[in-house]
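Spelled out from the first residue to the last, the chains are:
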Amino acid sequence: MYKINVFTAKLSLSWVQQLEKIKPSFCEFHYYAYTDFEDLYALLEQHLAVGDGALFSGQIPYFFAQTRFQEATVPMLYFDISERDFYRALTELFYEKKIAMDRIAIDFCYEENGYLGIHEWSIGKKPYLFSQTMNEFASKDIIDKAADWHIQLHTENKVDLSFTRVAEMRERLARHNIPFIAFYPSPYAMQLTLDNLVNQLQLQQLNQNKVVVVHILIPIDKANIDELEYRQIALYKAILDFKQMYANSFIVHREASSIAIITTYKHFLTTTNSYTHCHLVDFLDDKLSFPVKIGWGIGNSLLESQEFAKKAATLCSSKETQGYIIENGREIGPLLYGILLQFDDEKQQHLKNLSAAYDIPLLQLQKIEVMLEKLTTTIVSGELLSTHLGITVRSANRILKQLQEKSLADELPNITSATRGRPKKYYQIKLY
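Residues numbered from 1 in each chain as written. Predicted model: local features only at pLDDT ≥ 70, side-chain atom pairs only at ≥ 80, totals over all residues. Heavy atoms only, no water.

Peer 1: Quick question: what am I supposed to make of the nonpolar core here?
Peer 2: Phe-7, Leu-44, Leu-48, Phe-56 and Met-76 are the most contacted members of the largest nonpolar core, which has 38 residues in total. Put simply, the parts of the chain that give this core at least two residues each are β1 (2-9), β2 (27-34), α3 (37-47), β3 (53-56), α4 (59-68), β4 (76-78), α7 (142-155) and α8 (169-175). In terms of residues, this core owes the most to one element, α7, which gives seven residues. The contacts of Phe-56, once residues within four sequence positions are left out, are Phe-7, Leu-44, Pro-61, Tyr-62, Ala-65, Met-76, Leu-77, Tyr-78 and Phe-79. Within the second largest apolar cluster, 30 residues are counted, among which are Ile-259, Tyr-265, Phe-283 and Phe-290. (Core = buried A, V, L, I, M, F, W, Y, C linked by side-chain atoms within 4.5 Å. Buried < 20%, exposed > 50% of the residue type's maximum accessible area, 1.4 Å probe, protein only. Helix = DSSP H or I, 4+ residues; strand = E, 2+ residues; numbered from the N terminus. Contact = heavy atoms within 4.5 Å.)

Peer 1: Where do I start with the pattern of salt bridges in this structure?
Peer 2: Side chains that differ in sign of charge can pair as their charged atoms come close. Counting across every chain of the model gives twelve salt bridges. Among the ionic pairs, Arg-103 bridges to Asp-160, the shortest N-O distance being 2.9 Å. Note that Arg-103 is positioned in the loop between α5 (83-97) and β5 (104-106) and Asp-160 in the loop between α7 and β7 (161-164), a separation of 57 residues in sequence. The class of Asp-160 is partly exposed, set by a relative accessible area of 36%. In this structure, the salt-bridge partner of Lys-158 is Glu-156, at a minimum N-O distance of 3.1 Å. We classify Lys-158 as partly exposed; its relative accessible area is 34%. Salt bridges linked by common partners bring Glu-136, Asp-141 and Lys-145 together as one network. (Salt bridge = Lys/Arg side-chain N within 4 Å of Asp/Glu carboxyl O.)

Peer 1: When you look at the packing of helix α10 (residues 228-245) against helix α12 (residues 279-287) in this model, what are you seeing that I'm missing?
Peer 2: Helices that pack against each other are described as a pair by the angle of their axes relative to one another and the distance between those axes. Two elements in contact, α10 and α12, have axes separated by 10 Å at closest approach and are oriented at 130 degrees. On the basis of their axis angle, the class for α10 and α12 is oblique. As for how α10 packs across α12, the hand of that crossing is right-handed. Between α10 and α12, the residues in contact are Leu-235, Ala-238, Ile-239, Asp-241, Phe-242 and Met-245 and His-279, Leu-280, Phe-283, Leu-284 and Lys-287, respectively. Here the residues of the contact of α10 with α12 sort into eight nonpolar, one polar and two charged. (Axes fitted to C-alpha atoms, helices over the stretch in contact; angles between N-to-C directions. Parallel < 35°, antiparallel > 145°, perpendicular 65-115°, else oblique. Left-handed = near helix turned anticlockwise from the far one by under 90°. Nonpolar A, V, L, I, M, F, W, Y, C, P; charged D, E, K, R; others polar.)

Peer 1: Please clarify how the packing of α3 against α4 should be interpreted in this entry.
Peer 2: Orientation of α3 relative to α4, taken along the N-to-C sense of each, is 60 degrees, at an axis distance of 11 Å. It follows from the interaxial angle that α3 and α4 lie oblique. For α3 against α4, the interelement crossing comes out right-handed. Here α3 contributes Phe-37, Leu-40, Tyr-41 and Leu-44 to the contact with α4, which in turn contributes Ile-60, Pro-61, Phe-64, Ala-65 and Arg-68.

Peer 1: Explain the side chain of Asp-80 to me, please; I cannot follow it from the model alone.
Peer 2: Here Asp-80 shows up in the loop between β4 and α5. Look past the residues within four positions of Asp-80 in its chain and what remains in contact with it is Tyr-110, Asn-113, Arg-165, Pro-185 and Ala-189.

Peer 1: Would you explain the side chain of Lys-293 in this entry?
Peer 2: Inspection of the secondary structure puts Lys-293 in strand β12 (residues 293-298). Nearest to the buried, unbridged Lys-293 among oppositely charged side chains is Glu-320, at 12 Å. Those residues in contact with Lys-293, other than ones at most four positions away along the chain, are His-215, Ile-216, Leu-217, Pro-219, Ala-313, Cys-316, Ser-317, Ser-318 and Gln-322. (Lys, Arg positive; Asp, Glu negative; His and termini not counted.)

Peer 1: In this structure, what is going on with the sheet that holds strand β17 (residues 426-429)? I would like to understand it.
Peer 2: Strand pairing in a sheet relies on backbone hydrogen bonds. The paired strands run either parallel or antiparallel. As summarised here, the arrangement of the three strands in space is β15-β17-β16, forming an open sheet in which the pairing is antiparallel. Each end of this open sheet is capped by a strand with a single partner; those strands are β15 (379-381) and β16 (409-411). If you compare each strand with its neighbour and ignore which way they point, the axes differ by 35 degrees on average. Judged from the three bridges that link them, β16 and β17 form a sheet pairing that is antiparallel. Paired with Asp-410 across the bridge in β17 is Gln-428. (Pairing = 2+ DSSP bridges.)

Peer 1: Would you mind going over unusual backbone geometry with me for this structure?
Peer 2: Glycine aside, the phi torsion of most residues is negative, and most peptide linkages are trans. Here the phi dihedral of Asn-177 falls at roughly 55 degrees; this positive angle occurs in a residue that is not glycine. Note on placement: Asn-177 falls in the loop between α8 and β8 (180-182). Relative accessible area serves as the criterion here: at 70%, Asn-177 is assigned to the exposed category.

Peer 1: So what exactly am I meant to see when it comes to helix α15 (residues 362-375) here?
Peer 2: Since there are 3.6 residues in each turn of an α-helix, residues three or four apart along the chain are aligned in direction. Look at α15: 20 Å from first C-alpha to last across 14 residues, which is about the 20 Å you get at 1.5 Å a residue. Of all 14 residues making up α15, ten are buried, and the element is well covered by its neighbours. Three or more residues of α15 are buried, namely Leu-363, Gln-364, Leu-365, Gln-366, Lys-367, Ile-368, Glu-369, Val-370, Met-371 and Leu-372. In the segment just after α15, Thr-376 is the residue with positive phi, at about 55 degrees. (Expected span 1.5 Å × (residues − 1).)

Peer 1: Explain the sheet that holds β7 here, please?
Peer 2: Strand order in the open sheet made by the four strands is β6-β5-β7-β8, with parallel pairing throughout. This sheet does not close on itself; its edge strands, each paired only once, are β6 (128-129) and β8. For β5 and β7, the ladder comprises three bridges, and the chain directions are parallel. When the bridges of β7 are listed, Ala-105 appears paired with Ser-162. Running over the sheet, α7 touches β5, β6 and β7 and is turned about 165 degrees from β7.

Peer 1: Which parts of the structure should I look at to understand the packing of aromatic side chains?
Peer 2: Working definition: an aromatic ring pair is given by the centre-to-centre distance plus the angle between the planes. All chains considered together, the criterion is met by 30 aromatic pairs. Ring centres of Tyr-2 and Phe-26 lie 6.1 Å apart, and the angle between their planes is 85 degrees; this geometry places the pair in the edge-to-face category. With Tyr-2 in strand β1 and Phe-26 in the loop between α2 (19-22) and β2, this residue pair connects regions lying 24 residues apart in the sequence. On the basis of relative accessibility, which here comes to 12%, the residue Tyr-2 falls in the buried class. Considering the side-chain rings of Phe-268 and Tyr-275, the 5.1 Å spacing of their centres and the 85 degrees angle between planes classify their relative orientation as edge-to-face. (Phe/Tyr/Trp six-rings, centres within 6.5 Å; stacked < 30°, edge-to-face > 60°.)

Take a look at the structure:
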């Protein structure tokens, strides 16, 4: 059963409740009528996130929700006029009242709905349109702006009739004795919107139930191979503890030097805080005395998810517990203890530009970026880079040297040490 919250102006409640006549058996509607934006905000704050989806009586409350509740994840749609209904009304009007197209003001035709075909329909004589884009309806004073627009056109004798979709407009236009026709979505148009929302909910449900595989690998210490059995037992017990405490939906399968977990996409989002932080990394880092590699695989089949999970695990460091995600070939990570990944599009684009300009693997730059954020410093040594990237010190020094040659790092003066041996080299990395 889908719970769909319907937000509507009180003046529109009567026609919005026609939804009850077309309601599918697997949907239940909850209606919330508002009188002003303050009232709407309170209703959205209380009810928007607790439903499976949301419908709005028009573009004004829809845009209000989009701009004030940008973190909302529920599918949202609004009711609009269909071209079929619009043309039917226009045809009756022109034949019965002989109104000229260029003497009409319309506040609900814009680029996003294809102007309801008005430009093709009215060759030569064009009506007055309030806006070329729906973005205008994101304005908090949109009702005042639209009302002033209608009133000014009539005052200047440019139009004889106004078409409006805004419920609050009727009273304002009537107060100024302005002739108008208030348009409402027909049951046919409402059915189209409802079908669209149900399709989105069903796709979302299928996605939530998509199979996700976790591959947890125990790095093998060749110098102490006898300890492998102890690590297998310790890891298996820790996974079972995690399952009991946090994730009953996990199906755990024990293998030779690894553990495979099968879960759903819905529980993957919970466990990884929507891709940004892996609670499993934190838990295993606290419970185990040795590091493990955690790979999450998300594909279009169980087999593909398993392959992605195994590949993701190989991206992790051998020196600390880490997690990586591979979703349909896209690599995300590393997920580290206590670190929240920030998906900053501008930052990622900058790293992509550096990767292309300097011929440096993007994944390598992303790892370095996460490491610097974790250490809260841009000054590193080869040993430090080796530890956090899970590579040899020689490879780490080679990376630092390459960054220096490409002006992405500066070698700092040697720090003298009382101990014997070659002094450590430190570099200041300059990715920005």
